[in-house]
Amino acid sequence: MLALVAPPVVAFAVLTAVFVFQRPAPAAAPVEVPAADTLAPPPETGLLVHVTGAVAQPGIYRVARGLRVADAIAAAGGLSADADRQRLPNLAGRLKDGEQVRVPSIKGGSSSVRSTAVNLNSATVEELAAVPGFSTALAQAAVDYRSHYGGFQSSRELVTILGMGVAEYAQAKRYLRV
């Protein structure tokens, strides 16, 4: 009878030993593969263009490739009141990296640059607003400050007292005197 019971017991013991002492294979780290629709080319860096002249905020702007001159002018805040609309650059022209877009002024010929300095303590709102870097609101604030506090000691007070931007002041200071 032992001959009949021993083989199945031995077989069971061997299978149990194999199951208990068997080492599992190390699991491989899962590799994530992004879906094809989530892959996108890196974004284009765009173009740098310099917008000058009779625009609201002259300066250097980064715009997307393929945009037109009209888009660069819009990035600079649009045309100013003194822009010469009869002599605008080609608004449909495609922009190139490093291009300068010049918007002519009615007052200043081919640009909005003044030829004479304006006295900050006696100029009218209209005269100050025509200075590059000035807005009509800032010109009005300068005239109001002058009437309440007796005038400016230095043109730098436009920045320190009235809050004019440093870039705008850098544009305006050569056209001002006190």
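Criteria and thresholds
- Residues numbered from 1 in each chain as written.
- Predicted model: local features only at pLDDT ≥ 70, side-chain atom pairs only at ≥ 80, totals over all residues.
- Heavy atoms only, no water.
- Buried < 20%, exposed > 50% of the residue type's maximum accessible area, 1.4 Å probe, protein only.
- Helix = DSSP H or I, 4+ residues; strand = E, 2+ residues; numbered from the N terminus.
- Pairing = 2+ DSSP bridges.
- Salt bridge = Lys/Arg side-chain N within 4 Å of Asp/Glu carboxyl O.
- Expected span 1.5 Å × (residues − 1).
- Arc of directions from axis to C-beta.
- Contact = heavy atoms within 4.5 Å.
- Core = buried A, V, L, I, M, F, W, Y, C linked by side-chain atoms within 4.5 Å.

All right, on to the pairing of strand E3 (residues 100-103) then. The side-chain alternation of E3 yields one buried face, formed by Val101 and Val103, and one unburied face, formed by Gln100 and Arg102. By the bridge criterion, four bridges tie strand E1 (residues 47-53) to E3 in an arrangement that is parallel. What sits directly across from Val51, in E3, is Val101.

A few words on the pattern of salt bridges. Under the definition given, this model contains one salt bridge. Notably, a salt bridge pairs Arg87 with Asp84, separated by 2.6 Å at the nearest N-O pair. A relative accessible area of 40% places Arg87 in the partly exposed class. For Asp84, a relative accessible area of 14% corresponds to the buried category.

What follows deals with helix H4 (residues 136-149). Working note: α-helix, 3.6 residues per turn, so residues spaced by three or four point in the same direction. A rise of 1.5 Å per residue sets the reference length of H4, with its 14 residues, at 20 Å; its end C-alpha atoms lie 20 Å apart and thus fit the reference within 8%. Among the residues of H4, Leu138, Ala139, Ala142, Val143, Tyr145 and Arg146 are the ones counted as buried. Buried residues of H4, viewed axially, fall in a sector of 160°; they line one side. Facing away from the buried side of H4, by more than 90 degrees, are the exposed residues Thr136, Ala137, Ser147 and His148. On its buried face, H4 is in contact with helix H3 (125-129) and helix H5 (157-160).

Counting residues in hydrophobic clusters, the biggest one holds 20 residues, and the most contacted among them are Leu120, Leu128, Val131, Phe134, Leu158, Met164 and Leu176. With five residues, the single largest contributor to this core is H4. The next biggest cluster of nonpolar side chains, apart from the first, holds 15 residues, and it includes Val49, Ala72, Leu95 and Val101.

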